[in-house]
Number of protein chains: 2
Amino acid sequence: MLAQQRQAAILDRVRATGGVRVSELAAEYGVSDMTIRRDLEALADRGLLAKVHGGATTVSPGSAHEPGFAAKSVRQRDEKAAIAMRAAALVSPGDAIALSAGTTTAELAQRLVDVPSLTVVTNSIPVADVFYRGGRPDQTVVLTGGTRTPSDALVGPVAVAAIGTLHLDLLFLGVHGMSERAGYTTPNLMEADADRALVQASERLVVLADHTKWGTVGISSIVPLSRADVLITDSGLDEEARTLLSETVPELVVVNPQ
Amino acid sequence: MLAQQRQAAILDRVRATGGVRVSELAAEYGVSDMTIRRDLEALADRGLLAKVHGGATTVSPGSAHEPGFAAKSVRQRDEKAAIAMRAAALVSPGDAIALSAGTTTAELAQRLVDVPSLTVVTNSIPVADVFYRGGRPDQTVVLTGGTRTPSDALVGPVAVAAIGTLHLDLLFLGVHGMSERAGYTTPNLMEADADRALVQASERLVVLADHTKWGTVGISSIVPLSRADVLITDSGLDEEARTLLSETVPELVVVNPQ
DNA sequence: TCGAGTGTGTTCGAAATAGTTCGGTTCCCG
DNA sequence: CGGGAACCGAACTATTTCGAACACACTCGA
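With that settled, consider the domain arrangement of chain A. Residue and element names in this part refer to chain A. When its domains are assigned, chain A resolves into domain 1 (3–67) and domain 2 (77–255). Taken over C-alpha atoms, the centre of domain 1 sits 25 Å from the centre of domain 2. Counting residues at the interface gives 10 residues for domain 1, matched by 9 residues for domain 2. Of the roughly 680 Å² buried at the junction of domain 1 and domain 2 (both faces included), carbon and sulfur atoms supply 49%. Applying the counting rule to domain 1 against domain 2 returns 0 salt bridges. The interface formed by domain 1 and domain 2 includes 0 residue pairs in polar contact (both at pLDDT 80 or more). Contributions of two or more residues to the side of domain 1 that touches domain 2 are made by helix H1 (3–17) and strand E1 (19–21). The element that contributes the greatest number of residues to the side of domain 1 that touches domain 2 is H1, accounting for 5 residues. Each residue belonging to the side of domain 1 that touches domain 2 can be placed in one class, and the counts come to 2 nonpolar, 3 polar and 5 charged.

Once that is clear, we can look at the interface of chain B and chain A. Counting from both sides, the interface comprises 36 residues of chain B and, opposite them, 27 residues of chain A. The contact between chain B and chain A buries some 2,100 Å² in all, and 63% of this surface belongs to carbon and sulfur atoms. Counting the contacts that link chain B with chain A gives 2 salt bridges. Measuring nitrogen to oxygen at the nearest pair gives 2.9 Å for the salt bridge that ties arginine 148 of chain A to aspartate 129 of chain B.

Quick look at the sheet that holds strand E15 (residues 251–255) of chain A now. Sheet architecture is open: 9 strands sit in the order E15(A)-E14(A)-E12(A)-E9(A)-E4(A)-E5(A)-E6(A)-E7(B)-E8(B), paired in mixed fashion. Of all the strands in the sheet, just E15 of chain A together with strand E8 (154–155) of chain B have a single pairing partner and so form its edges. By the bridge criterion, 4 bridges tie strand E5 (residues 119–122) of chain A to strand E6 (residues 140–143) of chain A in an arrangement that is parallel. Bridging across to E6 of chain A, valine 120 of chain A finds its partner in valine 141 of chain A.

Residues and elements named next belong to chain A. Within helix H7 (residues 125–134), 7 of the 10 residues are buried, leaving the element largely enclosed by the surrounding structure. Regarding H7, the residues found buried are Ile125, Pro126, Val127, Ala128, Asp129, Val130 and Phe131. With a side-chain oxygen lying 3.2 Å from the backbone nitrogen of valine 127, the N-terminal cap of H7 falls on serine 124.

On to the protein's contact with DNA strand C. Residues in contact with DNA strand C amount to 17 residues; listed here are only the nearest, Thr35 and Arg38 of chain A together with Arg6, Thr35 and Arg38 of chain B. Each atom of DNA strand C within 4 Å of the protein was classed as base or backbone; sugar and phosphate made up 57%. Between DNA strand C and the protein, one listed contact pairs a base nitrogen with a side-chain N or O atom of arginine 38 of chain A at 2.7 Å. Between DNA strand C and serine 32 of chain B there is a distance of 2.9 Å, counted from a phosphate oxygen to a backbone nitrogen or oxygen.

Our next topic: the pattern of salt bridges. Tallying each qualifying case throughout the model produces 20 salt bridges over all chains. The residue lysine 213 of chain A makes a salt bridge to aspartate 210 of chain A at a minimum N-O spacing of 3.5 Å. The same class applies to lysine 213 of chain A and to aspartate 210 of chain A, which are both buried. Here aspartate 152 of chain B makes a salt bridge to arginine 148 of chain B, at a shortest N to O gap of 3.0 Å. One exposure class covers both aspartate 152 of chain B and arginine 148 of chain B, and it is buried. The network of salt bridges with common partners includes Arg13, Glu24 and Glu28 of chain A.

Quick look at the nonpolar core now. If you look at the biggest cluster of nonpolar residues, it comprises 65 residues, and the most contacted ones within it are Phe131 and Phe172 of chain A together with Phe131 and Phe172 of chain B. Apart from the residues lying within four places of it in its own chain, the contact partners of phenylalanine 131 of chain B are Leu99, Ala109, Leu112, Val113, Leu118, Val120, Gln139 and Val141 of chain B.

For the rest of this paragraph, the subject is the protein's contact with DNA strand D. In the vicinity of DNA strand D there are 19 residues, among which Arg21, Arg37 and Gly54 of chain A together with Arg37 and Gly54 of chain B approach most closely. Near-protein atoms of DNA strand D (within 4 Å) split between backbone and bases, with sugar and phosphate holding 76%. Lysine 51 of chain A places a side-chain nitrogen or oxygen 2.9 Å from a phosphate oxygen of DNA strand D. Between valine 52 of chain A and DNA strand D, the recorded distance is 3.5 Å, taken from a backbone N or O atom to a phosphate oxygen. Residue assignment for the surface near DNA strand D shows that the elements contributing at least two residues are helix H3 (33–45) and strand E2 (50–52) of chain A together with helix H2 (22–29), helix H3 (33–45) and strand E2 (50–52) of chain B. Broken down by class, the residue content of the surface near DNA strand D amounts to 6 nonpolar, 7 polar and 6 charged.

The rules we used
- Residues numbered from 1 in each chain as written.
- Chains lettered and ligands numbered in written order.
- Predicted model: local features only at pLDDT ≥ 70, side-chain atom pairs only at ≥ 80, totals over all residues.
- Heavy atoms only, no water.
- Domains from an automatic or database assignment.
- Contact = heavy atoms within 4.5 Å.
- Buried area = accessible area lost by both parts, 1.4 Å probe.
- Salt bridge = Lys/Arg side-chain N within 4 Å of Asp/Glu carboxyl O.
- Polar contact = N/O pair within 3.5 Å; in protein donor to acceptor, adjacent residues only side chain to side chain.
- Helix = DSSP H or I, 4+ residues; strand = E, 2+ residues; numbered from the N terminus.
- Nonpolar A, V, L, I, M, F, W, Y, C, P; charged D, E, K, R; others polar.
- Pairing = 2+ DSSP bridges.
- Buried < 20%, exposed > 50% of the residue type's maximum accessible area, 1.4 Å probe, protein only.
- Near = heavy atom within 4 Å.
- Core = buried A, V, L, I, M, F, W, Y, C linked by side-chain atoms within 4.5 Å.

Here you go:
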């Protein structure tokens, strides 16, 4: 594989899933860690991504503040991957599903490109990209309309109206926070609106949230905890939260990363 | 094997697989590395592929939508640029405009990123990208929903419905063909639907079509020639067509490239 | 037959790419 | 807050690739 191609592929991946790990890329492309680091360095020099400890993330002009955050988001990739893997098992050929915006749902998307006759509705441009590039011809991908948020989600009245005309079997909802009091939350008012419309349009709701989301409260509530039919999280969640959630959510699934 | 044949084969291969290696081609065609390099250089000079260390890739490595979009946007670049420049003059700060999908409208988009308080509705992901990357904070960009065509346009019932709820001052419509009998046409049924919805939603219609579009008939008609309020084309158009159009279209604008 | 033009091969120093080692840093977890 | 594991980047080496320059073979028209 050409170095150039490898770099382009890495960039695609970063954009689709929000982050990559050096070790993961090295194994995948069969080159040394150092080579991957040099690739990341080259891409970072051109401002196409941001290097962090352990890998790289998308360059986010807005949230350049908290230094630990970006590094952490890369490190939770194992959790996200495990959650996505489990979520993918809920999908059957021919289903009509919805995917909200978010890095976990983007990860899930990559595991769904091989499902036959799938219909996917999403308000996330990166998620649509994953299917567009790697999907099967018998899959249908519908992008909802709307205006674009910094995280590449489409939101606003146009998005809500578009979603309102559709009816899906299953919604996979990625959230930014979950707590007993506020339920599932996001930091963006418009995105919460779009997410709520997705919930309305779907028969069943599957929430994807790694353990770090517990206790985090975004400005805007989407729905209460109990509204989810299934909640998939990872084993990093403490005992107390696990008990509370298992009493609140009809089906709580806890996965073990790696 | 003739050099010409070899180059054509190389080009096919690059387009099919996304990238080739010098060493691989040299072995395959039984010629020296240097000869392959010279072939690649010749192809790269014509903008048909991109040379990289070790081989060559498609012109826009990393984005898989090469065949639909990037390849075509080189053709008639001067004409398109001149048309886009003239079209941009029709836009005022604060306007709410729509841009259809197409290379000419993408060109126009680049000239509109500095217009204050502009609201832009488009069903083209590349056009939305232009504003997202280079636009002003006081601009609003609305992407219509829908499924994605090979040329990165969003079409289908979702797109039509989303467009139907909106009302714009001005629509810039890029077309694939125009003729007296068929009017403005595109090669894609669904795209024609979306375009027609855009026409419905807009107060005024400005069609952008370089002279090569004249006489070309796509499978699907959008609207008749006379439906346009303004048609902007270039001076490559022959006298006969010019006369006919000036009698049919309320306002015919002919620009001189360069 | 000559000579220009084209296509190809070879040689060789420079540049790009990739692997390894190693000392230092960062981060996680108890 | 301390130990251990993972990670980082600099430095060095080996390999591959690049491109300029020159040489050779062939074609074609004068």
